[in-house]
Amino acid sequence: MDSVQDLAQYLKKAKYTVVLTGAGISTESGIPDFRSTSGYYGNVLASDALSASVQDGDPQRFYKEGYQIFKDLEGKEPNRAHEAIVRLQEAGLVHEVITQNIDHLHEKAGTKDVLAVHGDAATIHCQSCSFTGDFQVMDEKVQQGEIPPRCPQCGGTLRTDVVLFGDAMPPAFDRAMAAVERADTLLVVGSSLQVMPVAYLPRYVPNLLIINMDDTPYDMISKVKIQRKAGEVFTELLEVLGV
Ligand code: NAD
């Protein structure tokens with residue numbers, strides 16, 4: 001089994017390192033992932049309802065079933081893995097951060113310019129005009145039974161900035177592609193690497209390093225695979241690197 005020392009060696013040698021995170025980095029902040037046994041697919045109803053067609057075609061169902069996943073993110077705080085990534089950036093060992101997560105925890109920890117390829121549940125926009133705002137603006141309306149929630153500016157329909165099933169990928173995805181093309185090293189943290197098109201990204205990078213509790217389709221070609229909790233791996237990694 002690969003060690004934290006192996007991981008540290010690759011990071012020290014790397015010229016340009018990109019981190020790609022998934023739901024597994026946030027489980028230690030109390031947010032379930034999708035594909036562990038205790039994850040949201042245990043709650044099939046909710047994940048099934050997280051589509052643009054349900055949001056627009058059956059808003060009552062969307063706000064009853066899928067929306068709870070966004071509500072559950074409220075009050076959650078970054079954990080030591082998110083914080084360690086900030087330290088690694090400050091030390092010049094991580095150059096860009098791509099996340100599939102919608103929980104805003106990298107930003108809350110202090111990472112700037114996060115490439116949130118599945119969007120962000122902390123912010124909202126109007127589907128008809130240029131209005132944007134915080135999740136709370138929309139949530140107040142939803143809690144008062146205003147479904148779908150209406151734009152305070154034009155009366156159009158509000159929605160979160162999350163990329164739902166059926167939505168196009170946002171510009172952040174093109175920037176993520178450019179980042180991995182520049183990189184010689186990709187550190188994947190807490191992702192099953194099964195969700196397309198993000199799961200294509202590891203193909204473009206020579207040195208693939210993975211921290212994930214379960215198997216991924218890329219384990220065979222990874223240079224380092226550590227099958228332990230991200231929080232403890234990052235704590236040890238900072239010690240080994242002395243940052
Ligand atoms: P996934 O659920 O498919 O896989 C998560 C992986 O993380 C699993 O393989 C699991 O073994 C691993 N894991 C769980 N806890 C871990 C830990 N403490 N340390 C290391 N590994 C751990 O997640 P995914 O690949 O990100 O794909 C799921 C999709 O669902 C993404 O698109 C994401 O946007 C969305 N999602 C986001 C959140 C969030 O924002 N926090 C939560 C659930 C789902």
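Because the structure is a prediction, the values reported are computed rather than measured. (Residues numbered from 1 in each chain as written. Predicted model: local features only at pLDDT ≥ 70, side-chain atom pairs only at ≥ 80, totals over all residues. Heavy atoms only, no water.)

J.: How do you make sense of the overall build of the chain when you look at a structure like this?
T.: Of regular secondary structure, the chain possesses 9 helices and 9 strands. In terms of overall dimensions, the chain is globule-like: its C-alpha atoms have a radius of gyration of 18 Å, near the 18 Å expected for 243 residues. Seen through its C-alpha atoms, the chain measures out along the principal axes to roughly 55 × 35 × 30 Å. Looking at the 243 residues of the chain, the share that counts as buried comes to 52%. Taking the intrachain contacts of the chain between residues at least 6 apart in sequence as the baseline, contacts between residues at least 24 apart amount to 61%. For the chain, the centre of its 22 positive side-chain charges and the centre of its 33 negative side-chain charges are spaced 3 Å apart. (Helix = DSSP H or I, 4+ residues; strand = E, 2+ residues; numbered from the N terminus. Rg over C-alpha atoms; globule rule 2.2 N^0.38 Å. Buried < 20%, exposed > 50% of the residue type's maximum accessible area, 1.4 Å probe, protein only. Contact = heavy atoms within 4.5 Å. Lys, Arg positive; Asp, Glu negative; His and termini not counted. Charge placed at Lys NZ, Arg CZ, Asp CG, Glu CD.)

J.: Looking at this model, I keep getting lost on the nonpolar core. Mind explaining?
T.: One broad rule of soluble globular proteins: the nonpolar side chains tend to lie buried together. Ranked by internal contacts, the top residues of the largest apolar core, which has 25 residues, are Leu7, Leu88, Leu187, Val189, Ile211, Phe234 and Leu237. Elements that contribute at least two residues to this core include exactly α1 (4-13), α5 (80-90), β7 (185-189), β8 (207-211), β9 (224-226) and α9 (230-241). Among the elements that take part in this core, α9 stands out by supplying 6 residues, more than any other. Residues contacting Val189, with those up to four places away along its chain left out, are Val19, Leu20, Thr21, Gly22, Ile25, Ile211, Ala230 and Phe234. With 24 residues, the next largest nonpolar core counts Val54, Tyr67, Leu73 and Met138 among its residues. (Core = buried A, V, L, I, M, F, W, Y, C linked by side-chain atoms within 4.5 Å.)

J.: Explain the packing of aromatic side chains here, please?
T.: This model, assessed by the stated rule, comprises 5 aromatic pairs. Ring geometry for Tyr67 against Phe70: centres 6.1 Å apart, planes inclined by 80°, an arrangement best described as edge-to-face. One end of the pair is Tyr67 and the other is Phe70, both in helix α4 (residues 59-71) and 3 residues apart, which spans about a single turn. As far as burial versus exposure is concerned, Tyr67 and Phe70 are alike and both buried. Ring centres of Tyr67 and Phe135 lie 5.7 Å apart, and the angle between their planes is 25°; this geometry places the pair in the stacked category. Here the residue Tyr67 occupies a position in helix α4, and Phe135 occupies one in helix α7 (residues 135-143), the gap between them amounting to 68 residues. With relative accessibility at 3%, the residue Tyr67 sits in the buried group. When its relative accessible area of 4% is taken as the criterion, Phe135 is described as buried. Here the aromatic residues Phe62, Tyr63, Tyr67, Phe70 and Phe135 are joined through ring pairs into a cluster of three or more. (Phe/Tyr/Trp six-rings, centres within 6.5 Å; stacked < 30°, edge-to-face > 60°.)

J.: Help me understand the pattern of salt bridges, please; the structure alone is not making it clear to me.
T.: Close approach of charged atoms allows side chains with opposite charge to pair. The final tally for this structure, using the stated rule, is 11 salt bridges. Note that Glu74 and Lys71 form a salt bridge whose closest N and O atoms lie 2.9 Å from each other. Between Glu77 and Lys108 there is a salt bridge; the shortest N-O distance is 3.4 Å. One end of the pair, Glu77, is in the loop between α4 and α5; the other, Lys108, is in helix α6 (residues 105-109), with 31 residues separating them in the sequence. On the accessibility criterion, Lys108 (43% relative accessible area) is partly exposed. Residues participating in the shared-partner salt-bridge network are Lys71, Glu74 and Asp139. (Salt bridge = Lys/Arg side-chain N within 4 Å of Asp/Glu carboxyl O.)

J.: Would you explain the site of the ligand in this entry?
T.: The ligand sits among 28 residues. The nearest are Arg35, Gln100, His118, Ser192 and Asp214. Within the side chain of Thr27, an N or O atom sits 2.8 Å from a nitrogen atom of the ligand. A distance of 2.7 Å separates a nitrogen atom of the ligand from a polar side-chain atom of Asp103. About the coverage of the ligand: the protein hides 95% of its 850 Å² of free accessible area. Across the shell around the ligand, the residue classes tally to 9 nonpolar, 12 polar and 7 charged. (Near = heavy atom within 4 Å. Polar contact = N/O pair within 3.5 Å; in protein donor to acceptor, adjacent residues only side chain to side chain. Areas by Shrake-Rupley, 256 points an atom, 1.4 Å probe, with all protein chains shown as cover. Nonpolar A, V, L, I, M, F, W, Y, C, P; charged D, E, K, R; others polar.)

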